[in-house]
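One letter stands for each residue in the lines below.
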Amino acid sequence: MKKQFCSFYLNRYLLGIEVLLVREIINGIDITPVDGAGEDVTGLLNLRGQIVTVIDPSVKLGFTRHGKNDSNSIIVLKTEKELEVYRRNGISLQNTSRDIIGLYIDKIDDMVETEESAILPAPANVDSIDNKYIRGVVKLKETLMTVLKIDELLKISK
């Protein structure tokens, strides 16, 4: 079975999440910081009247927090309610959130399509990312794409 992934960069790492989890990708929107929010929360944004919590996945993944630049994007994820239609049709997907969440990333890349069987188990300590956040890796022509467990990434830090 074919799987499609939205690939993106955080620092120098090529990462991917299933395309079916992505509502949209946006650029150039101001994020309002929130006092007292968790370390991984970048802030909030107003997206056509809906409030989106924007998180920085680099914090949980143990990367250096990145600064704002012209290539930054926000991947807005579908909510659990939006994913119900896929699940009713037998499509297995990771959990996201009841609320609208955006991932603050360095740069969006291509859509990657691969067979499910081409998703290889993550080797120990992939680029120092904790394996609990890694679903697997996909070998591309010139690099590896690390496929994230978005449900783990969205869990609230204790």
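Shown above is the structure to which this text applies.
Predicted, not measured: the structure shown is a model, and the values here were computed from it.

Peer 1: Go over the pattern of salt bridges, please, and point to the residues and values.
Peer 2: Applying the stated criterion to the full structure yields 11 salt bridges. We note a salt bridge from Arg-88 to Glu-84, for which the minimum N-O separation is 3.8 Å. With Arg-88 and Glu-84 both in helix α2 (residues 80-88) and 4 residues apart, this pair spans about one turn of that helix. Glu-116 is paired through a salt bridge with Arg-135; the nearest N and O atoms lie 3.0 Å apart. With a gap of 19 residues between them, Glu-116 in the loop between β8 (107-115) and β9 (119-120) and Arg-135 in strand β10 (residues 134-139) connect regions that are remote in the sequence. Among the residues examined, Glu-116 registers a relative accessible area of 32% and is labelled partly exposed. Given a relative accessible area of 25%, Arg-135 falls into the partly exposed group. Via salt bridges that share partners, Lys-3, Glu-18, Glu-116 and Arg-135 belong to a single interconnected network.

Peer 1: Give a description of the sheet that holds strand β6 (residues 73-77) that names residues and reports values.
Peer 2: If you trace the 5 strands from one edge of the open sheet to the other, you get β3-β6-β7-β5-β4, paired in mixed fashion. The strands lining the two open edges of the sheet, one partner per strand, are β3 (22-26) and β4 (41-47). This sheet shows a mean twist of 30° between the axes of neighbouring strands, independent of strand direction.

Peer 1: Give me the lowdown on the environment of Leu-154, citing residues and values where you can.
Peer 2: Tracing the backbone through its elements, the reader meets Leu-154 in the segment after α3 (150-153). Note on Leu-154: relative accessible area 18%, which makes it buried. Along the chain, Leu-154 and Ile-101 lie 53 residues apart, while their C-alpha atoms are 8.7 Å from each other. Setting aside anything within four residues of it in sequence, one finds Leu-154 in contact with Ile-55, Lys-60, Leu-77, Thr-96, Ser-97, Ile-101 and Leu-103.

Each value, and the rule that gives it
Residues numbered from 1 in each chain as written. Predicted model: local features only at pLDDT ≥ 70, side-chain atom pairs only at ≥ 80, totals over all residues. Heavy atoms only, no water. Salt bridge = Lys/Arg side-chain N within 4 Å of Asp/Glu carboxyl O. Helix = DSSP H or I, 4+ residues; strand = E, 2+ residues; numbered from the N terminus. Buried < 20%, exposed > 50% of the residue type's maximum accessible area, 1.4 Å probe, protein only. Pairing = 2+ DSSP bridges. Axes fitted to C-alpha atoms, helices over the stretch in contact; angles between N-to-C directions. Contact = heavy atoms within 4.5 Å.

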